[in-house]
Amino acid sequence: MEAIVKNVERTTELLAVSQTETVQRWDKQTLDRAFQWTQYCQHVYTRFHANPTVTDILEKQLQVTNESLRTTFHGYRDITFSDLSQCQHLLLVGLLNNAAVPSSVVRLLFDTITVGGKYKDATGHCTELIEVKSACKVLSAINLKRSTSFPGPDADVLGMTMMEMLDILLSPATGGSKVGLAEKLLDNVLQTCGENENFPEVVAAALLSRKDDKTATKMAPEGVSFHFILDWLQQHHSLLHNMCSTLPIGLLMDLHQQSVRFRVTYGNMLKQWGSQLEYDVGEGEWVQMYTTDGVSFKTLSDHYRSLLGACPSTKEDVERELTELKVADGDFDVRGLSVWGDLLSELNTV
């Protein structure tokens, strides 16, 4: 473990040095070693990111290293454990932004003749970076406007383009998964659309573009990119909330029917909204008292009513779950004691 900690520390120092004039003395051998060490750190992340003990050790070492490098290098940006997943990307960006990098090194980064040799990682990474930046420019150029139909035609095009780019970045056929670049692509799309503007429509269009995907497998019918987007949304809870609360319910039903995983995610969001409601005795209704990121009782009822009308099996599942939640609250039939009991009563009203 001590050797791994030391190697991560040295690679962090290498990333800092790559942004200084020291690179004027770099040659082919130096560049090769640099990309080998950054690739090593990516392997460290892949191997230990699910191990809390090792992660904690490396995070603490990185904090110490960052503090030291901040005093040595002006404008130094801290490196976190999660940054290790895209170490080669950080090295490449640092080199491309450094005017002191020798032209011979720059040529190595772009020279396709070296593909298959020592510099395959550097060349391939550079090509993918160009592809992502080009894609972001294309995505930013699309004039997103709201439409009476959802998703609108522009959101549809943007969503499909985004999904195709994710396929390239996450496919083993293109040199291996580039999770860091894929996350950067989603971040750029979010910045282009705005969290509360068109972004929910674009994500929905991207996910629904896999609805009739003939290349999908039985084990993962929606594909790697589909699950990558859902993973990313789980890490950006406010975006997931906005998506579920602002999209037309009919569109959410399409996603619900398409994906078991989205079905679970959507169901958990509905239960969270319900748990946030408090009964106002004076008003005689369920209201939001302590949070601003929930929905009204009426809106929650509308979502559940749509689920009940989706298909017989879904209707049975939803009714059973609501009944279990009501029982957990005490199984009272008096209004105002259980939001789930009152939801059941509301949904049973014709």
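See the structure printed just above.
Before going into details, it helps to say that this report is about the structure given with it. Since we're looking at a predicted model, the values are computed, not measured.

### Thoughts on the overall build of the protein chain
Along its length, the protein chain carries 15 helices and 2 strands. Expressed as a percentage of the 350 residues in the protein chain, the buried residues total 44%. Here the analysis covers contacts within the protein chain between residues at least 6 apart in sequence; of these, 65% occur between residues at least 24 apart. For the protein chain, the accessible surface area stands at approximately 18400 Å², while carbon and sulfur atoms represent 52% of it.

### Re the environment of N198
Tracing the chain through its elements places N198 in helix 8 (residues 179-208). Assessed through its relative accessible area of 8%, N198 is described here as buried. Counting along the chain gives 43 residues from N198 to A155, while the straight-line C-alpha distance between them is 7.3 Å.

### Quick notes on the environment of H303
Following the sequence through the fold, H303 ends up in helix 13 (residues 297-308). The exposure class of H303 is buried, given its relative accessible area of 2%. Leave out the neighbours within four places in its chain, and H303 touches C244, I249, L252, Y266, L270 and W273.

### Re the packing of aromatic side chains
A full pass over the atoms with the stated rule returns 5 aromatic pairs. Pairing F262 with Y266 gives two aromatic rings, centres 6.0 Å apart and planes at 15 degrees, and the pair type is stacked. Of the two residues, F262 and Y266 both sit in helix 12 (residues 260-275), 4 residues apart, roughly one turn of that helix. Exposure class is identical for F262 and Y266. Each is buried.

### Digging into the packing of helix 13 against helix 15 (residues 339-347)
It is at 10 Å that the axes of helix 13 and helix 15 come closest, and there the two elements cross at 60 degrees. Taken together, the axis directions place helix 13 and helix 15 in an arrangement best described as oblique. Crossing geometry of helix 13 relative to helix 15 is assigned as right-handed. Touching F297, L300, S301, Y304, R305 and L308 of helix 13 are V339, W340, D342, L343, E346 and L347, all from helix 15. Residue composition of the contact of helix 13 with helix 15, grouped by class: 8 nonpolar, 1 polar and 3 charged.

### Quick look at the nonpolar core
Formed by 56 residues in total, the largest nonpolar core has its most connected members in L166, L207, I229, L233, M243 and Y304. For this core, the element with the most residues is helix 8, which contributes 13 residues. When near neighbours in sequence (up to four residues on either side) are disregarded, I229 contacts M162, M163, L166, V203, A206 and L207. Formed by 32 residues, the second largest nonpolar core is a distinct cluster that contains V5, V8, A34 and F35.

### Description of a nonpolar patch on the surface
A cluster of nonpolar side chains, contributed by F332, V334 and L337, occupies part of the molecular surface with about 290 Å² of accessible area. Within the secondary structure layout, F332 lies in the loop between helix 14 (312-328) and helix 15. Judged by its relative accessible area of 42%, F332 is partly exposed.

### Comments concerning helix 2 (residues 28-48)
Taking 1.5 Å of rise per residue, 21 residues should cover 30 Å, and helix 2 covers 31 Å from first to last C-alpha, within 8% of that figure. N-cap assignment for helix 2: the residue whose side-chain oxygen lies 3.2 Å from the backbone N of Q29 is D27.

### A closer look at helix 4 (residues 87-96)
Summarising burial for helix 4: 8 of the 10 residues are buried, a large majority. For helix 4, the complete set of buried residues consists of C87, Q88, H89, L90, L91, L92, G94 and L95.

### What about the pattern of salt bridges?
Pairing is possible between side chains of opposite charge, provided their charged atoms come close. Under the criterion given, the structure shown has 16 salt bridges. Note that R335 and D342 form a salt bridge whose closest N and O atoms lie 3.9 Å from each other. Overall, the relative accessible area of 45% leaves R335 in the partly exposed class. Looking at D342, the relative accessible area reads 6%, which means it is buried. By sharing partners, the salt bridges in this structure join K6, E9, R10 and E13 into a single network.

### A short note on the packing of helix 14 against helix 15
Direction vectors running N to C along helix 14 and helix 15 enclose 140 degrees, while the axes themselves pass 8 Å from each other. Here helix 14 lies oblique to helix 15, going by the angle between them. On the side of helix 14, the interface is formed by E319, L322, T323, L325 and K326, while helix 15 contributes W340, G341, L343, L344 and L347. Its residues assigned to classes, the contact of helix 14 with helix 15 shows 6 nonpolar, 2 polar and 2 charged.

### Brief notes about the environment of L14
Tracing the backbone through its elements, the reader meets L14 in helix 1 (residues 2-17). Overall, the relative accessible area of 18% leaves L14 in the buried class. Residues in contact with L14, not counting those within four places in the same chain, are W26, A34 and W37.

What counts and what doesn't
- Residues numbered from 1 in each chain as written.
- Predicted model: local features only at pLDDT ≥ 70, side-chain atom pairs only at ≥ 80, totals over all residues.
- Heavy atoms only, no water.
- Helix = DSSP H or I, 4+ residues; strand = E, 2+ residues; numbered from the N terminus.
- Buried < 20%, exposed > 50% of the residue type's maximum accessible area, 1.4 Å probe, protein only.
- Contact = heavy atoms within 4.5 Å.
- Areas by Shrake-Rupley, 256 points an atom, 1.4 Å probe, with all protein chains shown as cover.
- Phe/Tyr/Trp six-rings, centres within 6.5 Å; stacked < 30°, edge-to-face > 60°.
- Axes fitted to C-alpha atoms, helices over the stretch in contact; angles between N-to-C directions.
- Parallel < 35°, antiparallel > 145°, perpendicular 65-115°, else oblique.
- Left-handed = near helix turned anticlockwise from the far one by under 90°.
- Nonpolar A, V, L, I, M, F, W, Y, C, P; charged D, E, K, R; others polar.
- Core = buried A, V, L, I, M, F, W, Y, C linked by side-chain atoms within 4.5 Å.
- Patch = residues over 30% accessible without salt bridge, like charges linked within 9 Å, V, L, I, M, F, W, Y side chains within 5 Å.
- Salt bridge = Lys/Arg side-chain N within 4 Å of Asp/Glu carboxyl O.
- Expected span 1.5 Å × (residues − 1).
- Polar contact = N/O pair within 3.5 Å; in protein donor to acceptor, adjacent residues only side chain to side chain.

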